[in-house]
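# Inside the fold
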There are 2 protein chains.
Amino acid sequence: MKARVIVTLKSGVLDPQGQAIEGSLKGLGFPGVANVRQGKVFDLNLEGTDESEARSRLTSMCDKLLANTVIENYTIEISN
Amino acid sequence: MKARVIVTLKSGVLDPQGQAIEGSLKGLGFPGVANVRQGKVFDLNLEGTDESEARSRLTSMCDKLLANTVIENYTIEISN
């Protein structure tokens with residue numbers, strides 16, 4: 001099955017990269033843009049067909065490697 | 001309104017970062033993982049309430065700055 005993990009910075013965490021992108025967008029002529037935040041997305045294939053088991057494995061992957069849970073949140077989407 | 005842009009590498013494009021993550025996951029004891037690809041996500045707020053107009057502005061932002069359309073695809077999600 002296919003899975004997508006989206007990792008985003010927690011709301012209180014400063015995001016200088018997002019701020020730089022926001023500044024660039026304004027410089028390119030997009031004025032009505034605010035609060036730009038950049039995150040990461042991981043697409044992967046998983047063996048097996050048990051969705052709840054896959055979700056638990058993905059949670060463990062996020063906690064161990066894909067996300068820094070001190071400053072980042074993650075969401076897991078699974079599709080068949 | 002809020003928007004999320006997800007930028008992923010096109011399928012033929014080599015992703016060494018994804019391969020490194022896949023190797024690390026296997027090293028950490030997650031064997032059934034394959035085809036890991038890393039992308040970027042941008043969350044932003046947009047002024048205005050016209051969704052189709054927002055989508056057209058976001059498309060322009062992606063083409064000009066957020067994505068390299070030679071090697072990357074993007075998807076746009078808008079929520080109110």
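Residues numbered from 1 in each chain as written. Chains lettered and ligands numbered in written order. Predicted model: local features only at pLDDT ≥ 70, side-chain atom pairs only at ≥ 80, totals over all residues. Heavy atoms only, no water.

Another aspect to go through is helix H2 (residues 51–66) of chain A. Helix length check: H2(A) (16 residues) gives 19 Å between terminal C-alpha atoms against 22 Å at 1.5 Å per residue, more than 12% under. Along H2(A), the residues classified as buried are Ala54(A), Arg57(A), Leu58(A), Met61(A), Cys62(A) and Leu66(A). Burial along H2(A) is one-sided: seen end-on, the buried residues are contained in an arc of 145°. Of the residues in H2(A), the exposed ones pointing more than 90 degrees away from the buried face are Ser52(A) and Lys64(A). On its buried side, H2(A) packs onto strand S1 (2–9), strand S2 (33–46) and strand S3 (72–79) of chain A together with helix H1 (16–27) and strand S2 (33–46) of chain B. Here H2(A) starts with a cap whose side-chain oxygen sits 3.1 Å from the backbone nitrogen of Ser52(A), and that cap is Asp50(A). (Helix = DSSP H or I, 4+ residues; strand = E, 2+ residues; numbered from the N terminus. Expected span 1.5 Å × (residues − 1). Buried < 20%, exposed > 50% of the residue type's maximum accessible area, 1.4 Å probe, protein only. Arc of directions from axis to C-beta. Contact = heavy atoms within 4.5 Å. Polar contact = N/O pair within 3.5 Å; in protein donor to acceptor, adjacent residues only side chain to side chain.)

Moving on, we get to the interface of chain A and chain B. Facing 31 residues of chain A, the contacting portion of chain B comprises 31 residues. Between chain A and chain B, the buried area comes to about 2,700 Å², and carbon and sulfur atoms account for 67% of it. In this structure, the connection of chain A to chain B is made through zero salt bridges. Where chain A packs against chain B, one counts eight residue pairs in polar contact (both at pLDDT 80 or more). Those elements that place two or more of their residues in the side of chain A that touches chain B are S1, helix H1 (16–27), S2 and H2 of chain A. In terms of residue count, S2(A) provides more of the side of chain A that touches chain B than any other element does, 14 residues in total. Bridging between S2(A) and S2(B) involves eleven bridges; their strand directions are antiparallel. When the sheet's bridge partners are listed, Leu46(A) is paired in S2(B) with Val33(B). (Buried area = accessible area lost by both parts, 1.4 Å probe. Salt bridge = Lys/Arg side-chain N within 4 Å of Asp/Glu carboxyl O. Pairing = 2+ DSSP bridges.)

Overlaying chain A with chain B gives an RMSD of 0.0 Å, the required rotation being 180° about an axis along which the chain moves by 0.0 Å. Each copy turns onto its partner about a two-fold axis. Judged by C-alpha distance, Lys40(A) is the residue of chain A that lies nearest the rotation axis, at 2.3 Å. Both copies contact each other with a shared surface, as 100% of the interface residues of chain A are interface residues in chain B too. (Least-squares fit on C-alpha atoms with pLDDT ≥ 70 in both.)

Our focus in this paragraph is the packing of H2(A) against H1(B). Across the interface, H2(A) lies against H1(B) with an axial gap of 11 Å and an inter-helix angle of 110°. Here H2(A) is positioned roughly perpendicular relative to H1(B), judged by the angle of their axes. Here H2(A) contributes Met61(A), Leu65(A) and Leu66(A) to the contact with H1(B), which in turn contributes Ile21(B), Ser24(B) and Leu25(B). The class makeup of the residues in the contact of H2(A) with H1(B) is five nonpolar, one polar and no charged. (Axes fitted to C-alpha atoms, helices over the stretch in contact; angles between N-to-C directions. Parallel < 35°, antiparallel > 145°, perpendicular 65-115°, else oblique. Nonpolar A, V, L, I, M, F, W, Y, C, P; charged D, E, K, R; others polar.)

So, on to the side chain of Gln38(A). Positionally, Gln38(A) belongs in strand S2. Its relative accessible area of 15% is what places Gln38(A) among the buried residues. A distance of 3.1 Å separates polar atoms of two side chains, one belonging to Gln38(A) and the other to Gln17(A). Sequence-distant contacts of Gln38(A), that is, excluding residues within four places in its chain, are made with Asp15(A), Gln17(A), Gly18(A), Ile21(A), Lys40(B), Val41(B) and Phe42(B).

Turning next to the environment of Gly32(A). Structurally, Gly32(A) is set in the loop between H1 and S2. Its relative accessible area of 8% is what places Gly32(A) among the buried residues. Along the primary structure Gly32(A) and Glu22(A) are separated by ten residues, whereas in three dimensions their C-alpha atoms are 10.0 Å apart. If we ignore the near neighbours within four places in the chain, the residues touching Gly32(A) are Asn45(B), Leu46(B), Glu47(B) and Arg57(B).

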